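Here is how the chains run, residue by residue.
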Amino acid sequence: MRAIEIARPGGPEVLEWREVPDPRPEQGQVVIEVTAAGVNRADVLQRKGFYDPPPGAPPYPGLEVSGVVAEVGAGVPGFEAGDRVCALLAGGGYAERVAVPWEQVMPAPEGLPLDEAAALPEVACTVWSNVFMLARLRKGETLLVHGGASGIGTFAVQLAKALGSRVATTAGTDAKLARLRELGADETVNYREQDFSDLVRADVILDIIGARYLAGNLRALNTGGRLVIIALQGGAKAEIDLGLLLAKRAAVHGTTLRSRPAEEKGVIVRSVVDNVWPLVAAGAVRPVVHARVPMSDAAEAHRILDSGEHIGKILLVR
């Protein structure tokens, strides 16, 4: 088969479409013939040499795919060749085929084109596990989403709104903010011009920035609020006002998804299928796809992501 290999750490030009060995299903694995793969910020970090895949994962980038089951290994329940699926990966999605633990495979949501299903596994599992399973956002509470125009952000806005929460979000351009209001955001903040901590009060904050936003996030939390940090685009080290944390009886959580064991990911995947897929099938929540790029031209997809001008997901399609 062919896959995107990282020739060396660097810019988008280091991504090369090469012949590589075909995957074979091991015990408990499903091999998927890939229709499309989602492009994520973690792929950029891997391309730059900052985020190696976990032990045992394929070396190629790509944390989510959609496609058709091609082979099924021993001990796999519930899947057979020909099934239309999407999957959460530890790596290897930028390829014609990928082997995945069966626990991380989901039926493709009904009513959605198969290529668009590749835009869902990473964002749906990230948002559902962090905002709802961990932070327990409730109907009527306010969610603040940083990086609202990202794939995770556009999904979080829709999902929280569909489940009865008030939603605030940040983004860097008026065009992005307008699109987020179309997706259901009640309050939008241009972070280039305004300080969100002066304007927003939230019960749950989903943060991709990290250190640079820590103080502002604590100020923005309501009493009993929950801050969930899932990325560190603004740095990893910051001082924290423990007095404010105690006064607000707040909680700060830091989580990652990629390095979790398959069994733990499987719990999240099953919960997503039960709770989120019906909303996707009903049209209440849909992936926002900014661009479709041929998989062999993954470098162009990374250039789009690096530009920061996209709204929603970028897909690699075959």
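Since the model is a prediction, treat every value here as computed from it, not as a measurement.

Asks: So what's going on with the side chain of R258? Residues and values would help.
Replies: Within the secondary structure layout, R258 lies in the loop between strand 13 (251–254) and helix 8 (262–275). A polar side-chain atom of R258 sits 2.8 Å from the main-chain carbonyl oxygen of A90.

Asks: Give me the lowdown on the packing of helix 2 (residues 121–134) against helix 8, citing residues and values where you can.
Replies: It is at 9 Å that the axes of helix 2 and helix 8 come closest, and there the two elements cross at 90°. Considering the angle they form, helix 2 stands roughly perpendicular to helix 8. In contact with A124, C125, W128, S129 and M133 of helix 2, helix 8 contributes V267, I268, V269, S271, V272 and N275. The residue inventory of the contact of helix 2 with helix 8, partitioned by class, reads eight nonpolar, three polar and no charged.

Asks: Explain the environment of A215 to me, using residue names and the numbers behind them.
Replies: Note that A215 resides in helix 6 (residues 214–220). For the pair formed by A215 and L244, sequence separation is 29 residues and the distance between their alpha carbons is 9.6 Å.

Asks: Describe the nonpolar core, listing the residues and the values that go with them.
Replies: If you look at the biggest cluster of nonpolar residues, it comprises 64 residues, and the most contacted ones within it are F155, L159, V272 and W277. With seven residues, the top contributor of residues to this core is helix 2. Those residues in contact with L159 that lie beyond four places of it in its chain are V127, W128, F132, V276, L279 and V285. Listed in part, the 28 residues of the second largest apolar core include V30, V105, V293 and L316.

Asks: Break down the packing of aromatic side chains for me, with residues and values.
Replies: Enumeration according to the criterion identifies two aromatic pairs in this entry. A ring pair is formed by W128 and F132, whose centres lie 4.9 Å apart and whose planes are at 20°; its orientation type is stacked. Separated by four residues within a single helix, W128 and F132 lie in helix 2, roughly one turn from each other. With a relative accessible area of 10%, W128 lands in the buried category.

Asks: Can you break down the environment of K176 residue by residue, with the values?
Replies: When you line up the elements, K176 lands in helix 4 (residues 174–182). Residue class for K176 comes out buried when judged on its relative accessible area of 14%. Along the primary structure K176 and T188 are separated by 12 residues, whereas in three dimensions their C-alpha atoms are 9.6 Å apart. K176 has contacts with A149, A171, G308, E309, H310 and I311, leaving out every residue within four places of it along the chain.

Procedures and definitions
- Residues numbered from 1 in each chain as written.
- Predicted model: local features only at pLDDT ≥ 70, side-chain atom pairs only at ≥ 80, totals over all residues.
- Heavy atoms only, no water.
- Helix = DSSP H or I, 4+ residues; strand = E, 2+ residues; numbered from the N terminus.
- Polar contact = N/O pair within 3.5 Å; in protein donor to acceptor, adjacent residues only side chain to side chain.
- Axes fitted to C-alpha atoms, helices over the stretch in contact; angles between N-to-C directions.
- Parallel < 35°, antiparallel > 145°, perpendicular 65-115°, else oblique.
- Contact = heavy atoms within 4.5 Å.
- Nonpolar A, V, L, I, M, F, W, Y, C, P; charged D, E, K, R; others polar.
- Core = buried A, V, L, I, M, F, W, Y, C linked by side-chain atoms within 4.5 Å.
- Buried < 20%, exposed > 50% of the residue type's maximum accessible area, 1.4 Å probe, protein only.
- Phe/Tyr/Trp six-rings, centres within 6.5 Å; stacked < 30°, edge-to-face > 60°.

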